[in-house]
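Here is how the chains run, residue by residue.
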Amino acid sequence: MSVLAYLDPASGSLIAATVAGGMAGVGVAVKSMWRNRTARFRKSDPSGAPVNDQDTSEADVSVDSAVEYAAQDDI
Amino acid sequence: MPSNRDGVEPSSFRDPSGSVFYSEGRVLRCLDAKGAADWKALSATRFLPRMMSDGRVVHTSETSANDLPDLRNEPVAVLEHERIPFISYPYEWTFGMLRAAAILHLEVVLAALEEGFTTKDGYAFNIQFRGSAPVFIDIGSFEPVGAGGPWVGYRQFCQTMLYPLMVEAYLGIPFQRILRGHLEGIDTNEMRRMLGPLASLRKGVLKHVVIHDMLTAKVDTASQATRSSLATEGAGTEIAKASVSKLLAVVRSLSSPRAESVWADYRTTCSYTDEDTEAKTLFIESVLEELTPPLVFDLGCNDGRFSQQASVHAQQVVAVDFDPLVVDNFFRDMRETRSPQNVIPLVQDLTDPSPARGWRGRERKAFFDRERPDLVMALALVHHLSIGANIPLAEVVDFLASLTDDLIVEFVEPHDPMAQRLLSNKPEGTHDDYRTDLFEKLLEERCEIKASQRLPGGSRRLYHAKPRSRADDQ
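Focus on the environment of Q156 of chain B
All names here are of chain B. With respect to the secondary-structure elements, Q156 resides in helix α4 (residues 154-171). Separated by 28 residues in sequence, Q156 and E184 have C-alpha atoms that sit 7.5 Å apart. Excluding its chain neighbours within four sequence positions, the residues that come into contact with Q156 are D121, G122, Y123, M161 and E184.

Concerning the pattern of salt bridges
The tally for this structure, following the rule as stated, stands at 28 salt bridges over all chains. Connected through shared salt-bridge partners, D54, R56, E107 and R252 of chain B make up one network.

Some thoughts on the sheet that holds strand β13 (residues 375-378) of chain B
Residues and elements named next belong to chain B. Strand order across the open sheet formed by seven strands is β12-β11-β10-β13-β14-β16-β15, with mixed pairing between neighbours. Strand pairing shows two members of the sheet lacking a second neighbour, β12 (343-347) and β15 (447-454), which therefore form its edges. The average undirected angle you get between the axes of adjacent strands in this sheet is 20°. Bridge count between strand β10 (residues 295-299) and β13: three bridges; the pairing is parallel.

Topic: the nonpolar core
Residue and element names in this part refer to chain B. The biggest cluster of nonpolar side chains holds 145 residues, and the ones touching the most others in it are F142, L162, M166 and L400. The element contributing the most residues to this core is helix α3 (residues 95-114), with 15 residues. Not counting the four nearest positions on each side in its chain, L162 is found in contact with F157, H208, L247, V250, V251 and L254.

Comments concerning the packing of aromatic side chains
Residues and elements named next belong to chain B. Throughout the structure, instances matching the rule amount to 18 aromatic pairs over all chains. Measuring from centroid to centroid gives 4.9 Å for W93 and F129, while their planes differ by 75°, and the two rings are edge-to-face. One end of the pair, W93, is in the loop between β5 (77-81) and α3; the other, F129, is in strand β7 (residues 127-130), and 36 residues separate them in sequence. The same class applies to W93 as to F129, namely buried. Seen from their ring centres, W151 and F157 are 5.8 Å apart, and the 50° between their planes marks the pair as tilted. Taken together, the ring pairs connect F86, F297, F367, F368 and F399 into an aromatic cluster.

Describing the sheet that holds strand β2 (residues 18-23) of chain B
Residues and elements named next belong to chain B. As summarised here, the arrangement of the five strands in space is β1-β2-β3-β5-β4, forming an open sheet in which the pairing is antiparallel. Either end of the sheet is taken by a strand with one partner, and the two such strands are β1 (7-8) and β4 (60-63). Pairing of β1 with β2 involves two bridges; the strand directions are antiparallel. Each residue of the ladder has a partner; that of V8, found in β2, is F21. Contacting β3 (26-31), β4 and β5, helix α1 (residues 33-43) crosses the sheet at an angle of about 110° to β3.

With respect to the pairing of β13 of chain B
Residues and elements named next belong to chain B. Residues L375 and M377 point to one face of β13 and V376 and A378 to the other, with burial holding for every one of them. The sheet contact formed by β13 and strand β14 (residues 407-412) spans three bridges and is parallel. In the strand pairing of β14, V376 is matched with L407.

Here's the deal with the packing of α4 of chain B against helix α9 (residues 237-253) of chain B
Residues and elements named next belong to chain B. It is the contact of α4 with α9, at a shortest axis distance of 10 Å, that shows an interaxial angle of 15°. Taken together, the axis directions place α4 and α9 in an arrangement best described as roughly parallel. In the packing of α4 onto α9, the handedness of the crossing is left-handed. Contacts between α4 and α9 pair Y154, F157, L162, L165 and M166 from the former with L247, V250 and V251 from the latter. Taken together, the residues that form the contact of α4 with α9 break down as eight nonpolar, no polar and no charged.

Cut-offs applied
For every chain, the first residue of the written sequence is number 1, and numbering continues from 1 onward in sequence order. Here the convention is simple: chains get letters from A, ligands get numbers from 1, in the order in which they are written. Local features in this predicted model are restricted to residues whose pLDDT is 70 or higher, and side-chain atom pairs enter the listing and the counts only when it is 80 or higher, whereas totals over whole chains, interfaces and linings include all residues. Only hydrogens and water are set aside when side-chain values are computed; all heavy atoms of the structure are taken into account. Strands are runs of DSSP state E lasting at least two residues, helices are runs of H or I lasting at least four, and both sets are numbered from the N terminus onward. Every residue pair with non-hydrogen atoms within 4.5 Å of one another is taken to be in contact. For this analysis, a salt bridge means a side-chain nitrogen from Lys or Arg found within 4 Å of a carboxyl oxygen belonging to Asp or Glu. Only strands joined by at least two bridges in the DSSP assignment are considered to pair. Each axis is a line fitted through C-alpha atoms, and for a helix only the stretch in contact is used; angles between axes span 0 to 180 degrees, taken between their N-to-C directions. Definition of nonpolar core: a set of buried residues of the types Ala, Val, Leu, Ile, Met, Phe, Trp, Tyr and Cys, connected through side-chain atoms within 4.5 Å. Accessibility here uses a 1.4 Å probe with only protein chains present; expressed as a share of the type maximum, an area under 20% marks a residue as buried, one over 50% as exposed, and anything in between as partly exposed. Any two rings among Phe, Tyr and Trp, with Trp reduced to its six-membered ring, count as a pair given centres within 6.5 Å; such a pair is stacked if its planes are under 30 degrees apart, edge-to-face if over 60, and tilted if neither. Angles are sorted into four bins: roughly parallel if under 35 degrees, roughly antiparallel if over 145, roughly perpendicular if 65 to 115, and oblique for all others. Handedness of each helix crossing follows the sense of rotation of the near helix against the far helix: counterclockwise by less than a right angle gives left-handed, clockwise gives right-handed. Note that Gly is not counted as nonpolar here; it falls among the polar residues with everything else outside the nonpolar set of Ala, Val, Leu, Ile, Met, Phe, Trp, Tyr, Cys and Pro and the charged set of Asp, Glu, Lys and Arg.

Such coordinate-based values are descriptive only and should not be taken to indicate function.
In structure tokens form, the structure reads like this:
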């Protein structure tokens, strides 16, 4: 079974439900959660070489912006 | 009317705090200590009795019973629920029915949140229909909000109610087959891919589909930790109320864009004369008056005219048709005219009826395994099954005779314009067995024919038949 099967998709939904409620500042919580995620990737790199997380960071910024937008507007 | 067999409801096993079971026709729910404490608090609220009295929540009271089923924990209390006359599932509902069910679910959650309660889930199966009126049945889903935070049923609500509605509203695709294939509904990522990037401009898509999917893919903290973090950030009950209110606005804005059905104007294009209709109505009336059948199935109900007629004599009528638009028109008519609440309209393709679904194939019963009707009406149906769906005439008669103790069946003769229309699509000779004499012979072999009549137009025959094995037993 895939490692992904152990992830709980409800977490993303809980944050999405909070965003849907229009809560300002929820992005802070979200950001900290996926920072943990990238940090764990860095720790788990077996070569010990620095991990280029540029792609992830860019994606984070786009999600972050989208979350902020969605939380603020009635869309 | 037959009742559910005694024993535990096969779909009621996931909630550790309680379990629904049947005893001598009663619908009961036993609760463990946590479930009983939640019920005690819940029964002291104002919204619950209010919503029970106006029919939006299933009527429930505390009772006692013997032979309680095994729970994971010791049972300490028993509730009795009002019995829903016929259990149906979201994949058998029309767009209008699923929308009405979704609105009710959100209204129930909002009312609960106002008094410090929420629901553990947002499952479409929490709703049943009493006629055209949705009713929230899952009393075990209520729990105190505790520390607050967003509505935990949000994801399930999106997957089983909001997304199927969006599929039909925004893509024009009927949702029934999708929901039938996926009891947990449509996954956020599947939904995002189905809608495509342009749909982000449609109401609710960016927030409830795109952002929802991005967050589902990105966030991998455990959900309990997420709840704590959000509570720390200040996401309390107000946030849950706001998100549910906004969901309600999205659901209310959705409508089905699908084109008029070929059956939607059936009554004006079919081959009946006024005399035919009058004679048919009188024939059916005489059988209904004689039998006063508790449960009637109207198979191929079309606009529901004869379902409504049956409802005057029956306790409950289940009216089915394969065309979701026709059934939706009937549903909307019933809502607008406030028809008696003993007719439930459902989408059902008789050549592929709802199968048993879910865990061990027991959670959701097959359509024809739920209740045995006392009377089946199959009016202008046989030619669709036999000619339209290529089912041998003998099979069709076997099927109808197997369903019930009494049958009203209308045979549209081969020279009738509607039968001719179907036959003209088929190679010559394909349906040589579609003959009035053969139909009568097959029916007589399987049933005692109590009455028959040819309609004045000369191309349709009605029969009141009692399937032979049952008739012989009496």
